[in-house]
Amino acid sequence: MAGVGGLNAAEQRELQGRMEQKQMKDFMNMYSNLVQRCFNDCVNDFTTKSLLGKEESCVMRCVDKFLKSSERLGERFQEQNAQMAQQGGMNAGR
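Quick caveat: nothing in here was measured; it's all calculated off a predicted structure.

### What to know about the overall build of the protein
Here is step 1: Along the protein, the regular secondary structure elements total two helices and zero strands.
Here is step 2: Among the 94 residues that make up the protein, the fraction classed as buried is 9%.
Here is step 3: In the form shown here, the protein has an accessible surface area of approximately 8300 Å², with 57% of it arising from carbon and sulfur atoms.

Printed below as a string of structure tokens:
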């Protein structure tokens, strides 16, 4: 029996698995970019094993800013999708 999009159960499982792998890969890339960016921007004293106070606070601000901007971007993306879907629905009724 065909499900969503005409895919059978096995195809749906395969598609779900691929989507999960892509999401994990995207998350890991985002995390890696965040670490690289905040490290490069904030850490510049390599004479000690641990972060200095100013470096630690810089990293915390960097991460917070990144997470807030990512959240804001996600919200805008959802709003745009909703607007496009609404406009698509209006155009389909014509």
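### Let's talk about the pattern of salt bridges
Here is step 1: For the structure on display, the rule yields six salt bridges.
Here is step 2: In this structure, lysine 22 engages aspartate 26 in a salt bridge whose closest nitrogen and oxygen atoms are separated by 3.0 Å. Note that lysine 22 and aspartate 26 are positioned in helix H1 (residues 9–42) at a spacing of four residues, about one turn of the helix.

### Observations concerning the side chain of glutamate 55
Here is step 1: Tracing the sequence through the fold places glutamate 55 in helix H2 (residues 53–92).
Here is step 2: Lysine 54 provides the closest opposite charge to the buried, salt-bridge-free glutamate 55, at an N-O distance of 6.6 Å.
Here is step 3: In this structure the side chain of glutamate 55 is engaged in a polar contact, spanning 2.9 Å, whose partner is the backbone nitrogen of leucine 52.
Here is step 4: If we skip the residues at most four places from it in the chain, glutamate 55 touches Cys42, Val43, Asn44 and Asp45.

### A look at the packing of aromatic side chains
Here is step 1: As enumerated under the stated definition, the model contains two aromatic pairs in all.
Here is step 2: Taking 6.1 Å as the distance between ring centres and 50° as the angle between the ring planes, the aromatic pair formed by phenylalanine 39 and phenylalanine 46 counts as tilted.
Here is step 3: In this structure phenylalanine 39 comes out as partly exposed when scored by relative accessible area, which is 40%.
Here is step 4: Residue phenylalanine 46 is classed as exposed on the basis of its relative accessible area of 60%.

### Points about a nonpolar patch on the surface
Here is step 1: Nonpolar side chains collect at one region of the surface, where Met24, Phe27, Met28, Met30, Tyr31 and Val35 lie side by side and expose about 580 Å² of accessible area between them.
Here is step 2: Mapping tyrosine 31 onto the fold places it in helix H1.

So, how was this worked out
- Residues numbered from 1 in each chain as written.
- Predicted model: local features only at pLDDT ≥ 70, side-chain atom pairs only at ≥ 80, totals over all residues.
- Heavy atoms only, no water.
- Helix = DSSP H or I, 4+ residues; strand = E, 2+ residues; numbered from the N terminus.
- Buried < 20%, exposed > 50% of the residue type's maximum accessible area, 1.4 Å probe, protein only.
- Areas by Shrake-Rupley, 256 points an atom, 1.4 Å probe, with all protein chains shown as cover.
- Salt bridge = Lys/Arg side-chain N within 4 Å of Asp/Glu carboxyl O.
- Lys, Arg positive; Asp, Glu negative; His and termini not counted.
- Polar contact = N/O pair within 3.5 Å; in protein donor to acceptor, adjacent residues only side chain to side chain.
- Contact = heavy atoms within 4.5 Å.
- Phe/Tyr/Trp six-rings, centres within 6.5 Å; stacked < 30°, edge-to-face > 60°.
- Patch = residues over 30% accessible without salt bridge, like charges linked within 9 Å, V, L, I, M, F, W, Y side chains within 5 Å.

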